[in-house]
Amino acid sequence: ASGLKDGDVIGIVVQQSELPMIQIFVNGEIEDGLQVTRFRGTVYPSIFLPQQGSGNVSASFLYRDEQFIHGPPSPQFHPLIAERSLM
C-alpha cells in the first residue's frame, strides 16, 4: 500500500477458520495481492513505522466497534478479543 497519506485508515482482517487468511484494507477498500493465506500458529498484531524525511510518523490502534470508521467486510468479522487466562 504505497502512497499512504495523513488520515488514511488501514484495516487488518484476520479470518481464523480451516483456511485462515489475513486481508488488508486501506480506507475501507481491499488491497488486492496483500493477503496472507493458510498461515499456522499464533498471530500477533504489530506495525513498522519507517522514519520518512524530517516528518513524524504515527499510528493509532482501534479495537472497539464504536471506534471504527470503516466497518468489517462482512458480519462474520469481529474486533480482536484480548487473550484471557482461564486459571
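Please refer to the structure placed before this passage.
Residues numbered from 1 in each chain as written. Predicted model: local features only at pLDDT ≥ 70, side-chain atom pairs only at ≥ 80, totals over all residues. Heavy atoms only, no water.

Our next topic: the overall build of the chain. Helix and strand content of the chain: 0 helices and 4 strands. Along the chain, from the amino end to the carboxyl end, the secondary structure elements read β-β-β-β. A fraction of 24% describes how many contacts in the chain between residues 6 or more apart in sequence connect residues 24 or more apart. (Helix = DSSP H or I, 4+ residues; strand = E, 2+ residues; numbered from the N terminus. Contact = heavy atoms within 4.5 Å.)

This part covers the pattern of salt bridges. Enumeration according to the criterion identifies 1 salt bridge in this entry. Between Asp8 and Lys5 there is a salt bridge; the shortest N-O distance is 3.2 Å. (Salt bridge = Lys/Arg side-chain N within 4 Å of Asp/Glu carboxyl O.)

With that settled, consider the pairing of strand 1 (residues 10–15). Inspection of the sheet shows strand 1 paired to strand 2 (residues 21–26) by 6 bridges, in the antiparallel sense. Residue pairing across strands places Val14 opposite Ile22, the latter belonging to strand 2. Here strand 1 folds back onto strand 2 in antiparallel fashion, the turn holding 5 residues. (Pairing = 2+ DSSP bridges.)

Our next topic: the environment of Ile12. As for its placement among the helices and strands, Ile12 is situated in strand 1. When sequence neighbours within four positions are dropped, the list of residues in contact with Ile12 reads Ile22, Gln23 and Ile24.

With that settled, the discussion passes to the pairing of strand 2. In the case of a regular strand, side chains alternate between the two sheet surfaces. Bridge count between strand 2 and strand 4 (residues 36–37): 2 bridges; the pairing is antiparallel. Counterpart to Met21 in the pairing with strand 4 is Thr37. Two elements, strand 2 and strand 3 (residues 29–30), share 2 bridges in a ladder whose sense is antiparallel. Note on strand 3: the bridge partner recorded for Val26 is Glu29. Between strand 2 and strand 3, which pair antiparallel and follow one another directly, the connecting turn spans 2 residues, one of which, Asn27, has a positive phi of 55 degrees.

All right, on to a nonpolar patch on the surface then. Together, Ile47, Leu49, Val57, Phe61 and Tyr63 line one region of the surface with nonpolar side chains, adding up to about 450 Å² of accessible area. Note that Val57 resides in the segment after strand 4. For Val57, a relative accessible area of 38% puts it in the partly exposed group. (Patch = residues over 30% accessible without salt bridge, like charges linked within 9 Å, V, L, I, M, F, W, Y side chains within 5 Å. Areas by Shrake-Rupley, 256 points an atom, 1.4 Å probe, with all protein chains shown as cover. Buried < 20%, exposed > 50% of the residue type's maximum accessible area, 1.4 Å probe, protein only.)

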